[in-house]
Amino acid sequence: MRILDKKLDGKRYLIILEDGREFAIDKDIYFEKRVYELEDIDEKTLSLLIFEDNLKKAKQALVGYLTRYPMKSEFMYYKYLLGKGYDSATAAEAVAYFVKIGYIDELSAAKKLVAKYQRSKSRLQIINILKKNGFKNSTISQLSLTPESDLKLLDKLLQKKLSHLKKPDNKEILKLIKWFVARGYDYNIIVEKIKEYLNY
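Below is a short write-up of the structure. None of the values given here were measured: they were computed from a predicted structure. Counting from 1, residues in each chain are numbered in the order their sequence is written. Local features are withheld for residues below a pLDDT of 70 in this predicted model, meaning they are given only at 70 or higher, and side-chain atom pairs are given and counted only at 80 or more; totals for whole chains, interfaces and linings count all residues. Each side-chain value is worked out from all heavy atoms of the structure, with water and hydrogens disregarded.

It is worth spelling out the overall build of the protein at this point. Secondary structure summary: the protein contains ten helices and three strands in total. Secondary structure elements are taken from DSSP: a helix is a run of H or I of four residues or more, a strand is a run of E of two residues or more, and numbering for both begins at the N terminus. Along the protein, from the amino end to the carboxyl end, the secondary structure elements read β-β-β-α-α-α-α-α-α-α-α-α-α. Since a compact globule built from 200 residues should have a radius of gyration of about 16 Å, the 28 Å found for the protein marks it as more spread out than a globular shape. Projected onto its principal axes, the C-alpha positions of the protein cover 90 × 30 × 25 Å. Looking at the protein as a whole, 33% of its 200 residues qualify as buried. Where accessible areas are quoted, they stem from the Shrake-Rupley method and a 1.4 Å probe; at the residue level, only the protein chains shown are allowed to cover. Carbon and sulfur atoms make up 51% of the accessible area of the protein, which amounts to about 13,000 Å² in all. Distance between charge centres in the protein, computed from 39 positive and 28 negative side chains, equals 13 Å. Put simply, the radius of gyration uses C-alpha atoms, and a globule should come to 2.2 Å times the residue count raised to 0.38. Think of it in three bands: with a 1.4 Å probe and only protein chains considered, a residue is buried below 20% of the maximum accessible area for its type, exposed above 50%, and partly exposed in between. The charge count treats Lys and Arg as positive and Asp and Glu as negative. His and the chain ends do not count. Positions of charges follow a simple convention, taking NZ of Lys, CZ of Arg, CG of Asp or CD of Glu.

Since the α-helix turns once every 3.6 residues, residues separated by three or four places project in the same direction. All buried positions along helix α6 (residues 123-132) are accounted for by Gln125, Ile126, Ile127, Ile129 and Leu130. Two residues form a contact once any of their heavy atoms are found within 4.5 Å. Where the residues of α6 are buried, they touch α5 (106-117) and α7 (137-140). Looking one or two residues past α6, Gly134 carries a phi angle of roughly 85°, positive in sign.

Paired strands, in this sense, are two strands between which DSSP finds at least two bridges. Where strand β1 (residues 3-9) meets strand β2 (residues 12-17), six bridges bridge the pair, whose relative direction is antiparallel. Bridged to Lys6 within β2 is Ile15. Taken together, β1 and the strand that follows it, β2, pair antiparallel across an intervening segment of two residues, in which Gly10 is found at a positive phi of about 70°.

This paragraph deals with the pairing of β2. Residues in a regular strand point their side chains to alternate faces of the sheet. Sheet topology note: the β2/strand β3 (residues 22-26) ladder contains five bridges and is antiparallel. The residue of β3 that forms the bridge with Ile16 is Glu22. Adjacent in sequence and paired antiparallel, β2 and β3 are bridged by four residues, among which Gly20 carries a positive phi angle near 95°.

What follows deals with the side chain of Thr90. Looking at the secondary structure, you find Thr90 in helix α4 (residues 88-100). Exposure remark for Thr90: the relative accessible area of 0% places this residue in the buried category. Polar side-chain contacts of Thr90 include one of 2.9 Å to the side chain of Asp87. Not counting residues up to four positions away in its chain, the partners in contact with Thr90 are Phe51, Asn54, Leu55 and Ala58. Two N or O atoms count as a polar contact when they lie within 3.5 Å, although within protein this holds only if one can serve as hydrogen donor and the other as acceptor, and sequence-adjacent residues are included solely when both atoms are side-chain atoms.

Structural data, given as structure tokens:
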């Protein structure tokens with residue numbers, strides 16, 4: 001396909017083809033890919049130039065988002081770019097670029113979320129939060145989410161809740177057990193702990 005004209009328009013070059021099509025690419029890409037030397041362009045090269053141009057715009061969009069929201073998973077950054085209208089390949093490539101240079105560190109972000117919630121939520125609740133936010137299973141498996149941390153929090157919450165019960169009856173105890181089970185605590189451990197506190 002013959003190139004009829006190349007025009008600088010601000011920071012972008014407008015490329016006009018003989019079939020009537022026009023496309024604009026970033027000035028840096030224009031010089032980096034030596035487009036100024038081309039008199040003809042095939043469909044493969046055209047697609048590559050458009051992809052590189054979209055990729056640069058995606059990277060620029062992601063920089064601002066990373067600055068505002070540094071504790072997200074790779075998937076959530078990818079999803080953000082999809083929401084901005086970028087195609088899957090461009091979004092994935094942009095995220096991979098920032099992972100490679102260290103601007104996106106999913107494990108570090110996951111650890112910060114764990115630190116934020118570990119004093120108020122059970123291990124299962126934290127894992128569910130991480131999964132909901134797109135963190136990979138391979139990332140979650142590297143975190144220090146041990147049953148021991150659950151026991152410490154369980155002790156603390158049980159003491160607090162039981163202290164508010166003047167004369168706990170079976171109905172109140174059952175309600176309390178259900179509350180803890182719904183938050184990911186082991187039923188048997190909860191029952192044993194309650195027995196300890198109430199001297200059953």
